[in-house]
Amino acid sequence: MSVLTFHNVGQSFGAIDVFRGLAGSVPRGARIGLVGPNGIGKTTLLRILAGVHPPTEGSVHVAKGTQIGYLQQEAVRAFA
């Protein structure tokens, strides 16, 4: 059984398509890696899968009872 599935996921910023038509699943207990060149949309895809941002198109389903953690790529500074 998959804990996360996504179908036809795409993300656009204005007239620029970062990616389109992505589909996949993560089975329970799996460990995955996402690799590729800079600027290809890895972080954007992870933000979508974690529920931080909605996709421009497609859908993401997270199995009931599943928690997804997301740690930002850049540290956020707090100013006093």
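Right above here is the structure, for reference.
I will try to describe carefully the structure that is included in this document. The residue numbers shown here count from 1 along each chain, following its written sequence. Restriction of local features to residues with pLDDT of at least 70 applies here, the model being predicted, together with a cutoff of 80 or more for giving and counting side-chain atom pairs; totals for whole chains, interfaces and linings are based on all residues. Working from all heavy atoms in the structure, the side-chain values ignore hydrogens and water.

## Some details on the environment of Val18
Next, step 1: Where helices and strands are cited, they refer to DSSP runs of H or I of at least four residues and of E of at least two residues respectively, numbered from the N terminus. Position of Val18 among the secondary structure elements: in strand 2 (residues 16-27).
Next, step 2: Exposed residues in this analysis have more than 50% of their type's maximum accessible area, buried residues have under 20%, and partly exposed residues fall in between, with area computed by a 1.4 Å probe over protein chains only. We classify Val18 as partly exposed; its relative accessible area is 28%.
Next, step 3: A C-alpha to C-alpha distance of 9.8 Å links Val18 and Lys42, two positions 24 residues apart in sequence.
Next, step 4: Not counting residues up to four positions away in its chain, the partners in contact with Val18 are Gln11, Ser12, Phe13, Ile40 and Gly41. We call two residues contacting when some pair of their heavy atoms lies within 4.5 Å.

## Some thoughts on helix 1 (residues 42-49)
Next, step 1: When helix 1 is considered as a whole, its buried residues turn out to be Thr44, Leu45, Ile48 and Leu49. All buried residues of helix 1 project into a common sector of 135 degrees when viewed along the axis, lining one side.
Next, step 2: In this structure, the buried side of helix 1 is in contact with strand 1 (2-13), strand 2 and strand 3 (57-62).
Next, step 3: Looking one or two residues past helix 1, Gly51 carries a phi angle of roughly 85 degrees, positive in sign. In this description, the arc belongs to the directions extending from the helix axis to the C-beta atoms.

## Regarding the nonpolar core
Next, step 1: Membership of the largest hydrophobic core is limited to nine residues, which are Val3, Leu4, Phe6, Val9, Phe19, Val26, Leu45, Ile48 and Leu49.
Next, step 2: Elements that contribute at least two residues to this core include exactly strand 1, strand 2 and helix 1.
Next, step 3: With four residues, strand 1 is the single largest residue contributor to this core.
Next, step 4: Sequence-distant contacts of Leu45, that is, excluding residues within four places in its chain, are made with Val9, Phe19, Leu22 and Leu34. The criterion is simple. A nonpolar core is a set of buried Ala, Val, Leu, Ile, Met, Phe, Trp, Tyr and Cys residues joined through side-chain atoms within 4.5 Å.

## So, the sheet that holds strand 3
Next, step 1: We call two strands paired when DSSP finds no fewer than two bridges between them. The sheet built from three strands is open, its strands ordered 2-1-3 with antiparallel pairing. Sheet topology places strand 2 and strand 3 at the edges, where each strand pairs with a single neighbour. For this sheet the average axis-to-axis angle between neighbouring strands, irrespective of direction, equals 15 degrees.
Next, step 2: One ladder, built from five bridges, connects strand 1 with strand 3; its direction is antiparallel. Opposite Gly10, over in strand 3, you have Glu57 as the bridge partner. Here the axes come from fitting lines to C-alpha atoms, over the contacting stretch only for helices, and the angles between their N-to-C directions go from 0 to 180 degrees.

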